[in-house]
Amino acid sequence: MKALIFDASTLINFSMNGLLDVLAKLKTIFNGKFLITEDVRYETIKRPLNIKKFELGALRIQSLLNKKIIELPDSVGIKNSQIEERSRELLRTSNRTFIAKNSYLHLIDRGESSCLALSEILTRKGIKNILAIDERTTRMLCENPENLQKLLETKLHTKVKVKKENFWEFEKFKVIRSTELVYIAYKNKLVELKNGLVLDALLYAVKYKGCSVSRNEIEEIKRL
Amino acid sequence: MEKLEEKEHILSVLKETKAAVRKEDTIKLKNLSNKTIHAASIKQDPDGIALAVMIYALSKIIERKKYTYYKEWPNFHKKYVENINKAVENLEKSDIKGFRNNINEIRSEIGKLSGKFKKYIQDVFRKAEINKASRIYEHGISIEQTAKLLGITIWELAEYAGQTGISDVNLTVTLPIKQRIKQAEDMFKT
């Protein structure tokens, strides 16, 4: 068993780009589960269902859930209460790690921390997993908190202190983005469009819908 | 707005806003809004965020002269300026509740408008919220937390932020691309 955990930013990206069918095809070559937490369900389905502009996108994601292409953690025997408990702890730690002008910086929120909590619980159960996160801050917190500190200092124009002793809580998480998922879909011929520009188009499409990937990274992927 | 320094900062911004509105200086207004967002990103203070949105929206309204041709414009503008003046007076008296009422009153005035003018102004405020959210996200706060602070959805913020250069900042590249692709490919191998 293995699992791919989707953050709201990634699912929303696929939905806004009309790529949810590609996600469904990716599931066919993934010998495991595509999971979302209750908090991510709220952000990607429940809330946008009440906003006309995003209602259709939400319905499409709901349809993936109905077809069990994406599933909730109870499908692997994990209760929402377990996730909530660990999520609260991770949220507290993450939001008490960076300090600017004598205030803790509240960096991430429940949906994001719930994905980290689910990943940790799956790992404890021996289920190999990876996070699909398009937004930048959670990924930086896990992979390079020093860079996050520098980014905050540059943008906030102030000294940012860090509690480095908290970093270990986040360094265990592995992250991919929509970029890598569309690359895999393209390489496995899961994208119906046939044109020399398709990979370029896919990569820039996910970038323009919020995936935190630089132009340089995209150009490098195209050369692989 | 818990501390004296935050109160002083907001007061100074409001006074400068008053002057910029008199001169119809939209660039100054946008700069004031950005200045407020710096502080608001750290403290995540709802008062500072509401003020930044209000000032940015005001800059857009003044910039696009077409709004001023609507018959409801003079009265709306008058109330807007009145509430800014009262907000300054209230903050000077340390009447935080009064200040908040003045800021809320500006939003309430929009509800009293009608027809196309109401739609335009609502749209300006919604876009101002998304623009300010994008700035806070740029400052390093996560997409979900930022969306929550501004009362918008991740959908709206992702779409807007994707059009900016936020993800082209070198510091945000945290893993060599080949390594990340390999991580993904390894997961898909049976």
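One can find the structure itself at the top, above this paragraph.
Residues numbered from 1 in each chain as written. Chains lettered and ligands numbered in written order. Predicted model: local features only at pLDDT ≥ 70, side-chain atom pairs only at ≥ 80, totals over all residues.

Describing the overall build of chain A
And step 1. Broken down by element type, chain A carries twelve helices and seven strands.
And step 2. Scaling as 2.2 N^0.38, a compact globule of 224 residues should have a C-alpha radius of gyration of about 17 Å, and chain A matches this with 18 Å.
And step 3. For chain A, the spread of C-alpha atoms along the principal axes amounts to about 55 × 40 × 40 Å.
And step 4. Sorting the 224 residues of chain A into buried and exposed places 49% on the buried side.
And step 5. If you take every contact in chain A between residues at least 6 apart in sequence, the share linking residues at least 24 apart comes to 75%. (Helix = DSSP H or I, 4+ residues; strand = E, 2+ residues; numbered from the N terminus. Rg over C-alpha atoms; globule rule 2.2 N^0.38 Å. Buried ≥ 20, exposed ≤ 12 C-beta atoms within 10 Å, placed from the backbone. Contact = placed C-beta atoms within 7 Å.)

Notes on the overall build of chain B
And step 1. A tally of helices and strands in chain B yields nine helices and zero strands.
And step 2. When its helices and strands are written in sequence order, chain B yields α-α-α-α-α-α-α-α-α.
And step 3. Within chain B, the fraction of its 190 residues that count as buried is 44%.
And step 4. Considering only intrachain contacts with a sequence separation of at least 6, the fraction spanning at least 24 residues in chain B is 57%.

A few points about the nonpolar core
And step 1. Judged by nonpolar contacts, the single largest core of 115 residues is most densely connected at Ile5, Phe6 and Leu118 of chain A together with Val53, Met54 and Ala57 of chain B.
And step 2. The dominant element in this core, judged by the number of residues it contributes, is helix 3 (residues 46-63) of chain B, at eleven residues.
And step 3. Among residues more than four places away in sequence, those in contact with Ile5 of chain A are Leu35, Cys115, Leu118, Ser119, Asn129, Leu131 and Ala132 of chain A. (Core = buried A, V, L, I, M, F, W, Y, C linked by C-beta atoms within 7 Å.)

Let's talk about the environment of Glu156 of chain B
And step 1. With respect to the helices, strands and loops of the structure, Glu156 of chain B is situated in helix 8 (residues 154-161).
And step 2. Residues Glu156 of chain B and Ala133 of chain B lie 23 residues apart in sequence; the distance between their C-alpha atoms is 9.7 Å.

Notes on the pairing of strand 5 (residues 128-132) of chain A
All names here are of chain A.
And step 1. Of all five residues that make up strand 5, four are buried, and the element is covered over most of its length.
And step 2. Pairing between strand 1 (residues 2-6) and strand 5: five bridges, direction parallel. The residue of strand 5 that forms the bridge with Leu4 is Ile130.
And step 3. Note: strand 5 against strand 7 (residues 175-176), two bridges, orientation parallel. Residue pairing in the sheet places Leu131 in a bridge with Val175 of strand 7. (Pairing = 2+ DSSP bridges.)

So, the sheet that holds strand 4 (residues 103-104) of chain A
Residues and elements named next belong to chain A.
And step 1. Taken in spatial order, the three strands of this open sheet run 4-3-6, and their pairing is antiparallel. Strands at the two margins of the open sheet, each flanked by one partner only, are strand 4 and strand 6 (160-162).
And step 2. Here strand 3 (residues 98-100) runs beside strand 4; their pairing, made up of two bridges, is antiparallel. Across the sheet, residue Ile99 finds its bridge partner in strand 4, namely Tyr104.
And step 3. This element, helix 8 (residues 145-156), spans strand 3 and strand 6 of the sheet and lies at about 160° to strand 6. (Axes fitted to C-alpha atoms, helices over the stretch in contact; angles between N-to-C directions.)

Observations concerning the interface of chain B and chain A
And step 1. Each partner contributes residues to the interface: chain B has 39 residues there, and chain A has 61 residues.
And step 2. Contributions of two or more residues to the side of chain B that touches chain A are made by helix 2 (26-43), helix 7 (143-150), helix 8 and helix 9 (177-188) of chain B.
And step 3. Ranked by the residues each element gives to the side of chain B that touches chain A, the list is headed by helix 9 of chain B, at eight residues.

Focus: unusual backbone geometry
And step 1. Even without glycine at this site, Lys189 of chain A takes up a positive phi of about 55°.
And step 2. Mapped onto the elements, Lys189 of chain A comes out in the loop between helix 10 (178-187) and helix 11 (198-208).
And step 3. Phi is positive for Ser94 of chain B, which is not a glycine, with a value near 60°.
And step 4. Turning to its location among the elements, Ser94 of chain B is positioned in the loop between helix 4 (73-92) and helix 5 (96-111).

Topic: the packing of helix 3 (residues 38-46) of chain A against helix 6 (residues 110-124) of chain A
Residues and elements named next belong to chain A.
And step 1. Look at helix 3 against helix 6: their axes get within 8 Å of each other, and the N-to-C directions meet at 140°. As judged from the angle between their axes, helix 3 and helix 6 are oblique. At the point where helix 3 passes helix 6, the crossing takes the left-handed sense. Taking contact as the criterion, the partners of Asp39, Val40 and Glu43 in helix 3 are, on helix 6, Arg110, Gly111, Ser114 and Cys115. (Parallel < 35°, antiparallel > 145°, perpendicular 65-115°, else oblique. Left-handed = near helix turned anticlockwise from the far one by under 90°.)

Quick notes on the sheet that holds strand 5 of chain A
Residue and element names in this part refer to chain A.
And step 1. With parallel pairing, four strands are arranged side by side in an open sheet as 2-1-5-7. The open sheet is flanked by strand 2 (33-35) and strand 7, the only strands paired with a single partner.
And step 2. The strands touched by helix 6 within the sheet are strand 1, strand 2 and strand 5, with strand 5 carrying the most contacts at an inclination of about 170°.

A word on helix 4 of chain B
And step 1. The end-to-end C-alpha distance of helix 4 of chain B, which contains 20 residues, comes to 29 Å, matching closely the 28 Å that a straight helix rising 1.5 Å per residue would cover.
And step 2. Looking one or two residues past helix 4 of chain B, Ser94 of chain B carries a phi angle of roughly 60°, positive in sign. (Expected span 1.5 Å × (residues − 1).)

Observations regarding helix 8 of chain A
And step 1. With twelve residues, helix 8 of chain A extends 16 Å between its outermost C-alpha atoms, agreeing within 8% with the 16 Å of an ideal straight helix rising 1.5 Å per residue.
And step 2. On the buried face of helix 8 of chain A, the contacting elements are strand 3, helix 7 (136-143), strand 6 and helix 9 (168-171) of chain A together with helix 2 and helix 6 (115-138) of chain B.
And step 3. Remark: His157 of chain A follows helix 8 of chain A within two positions and exhibits a positive phi of approximately 55°.

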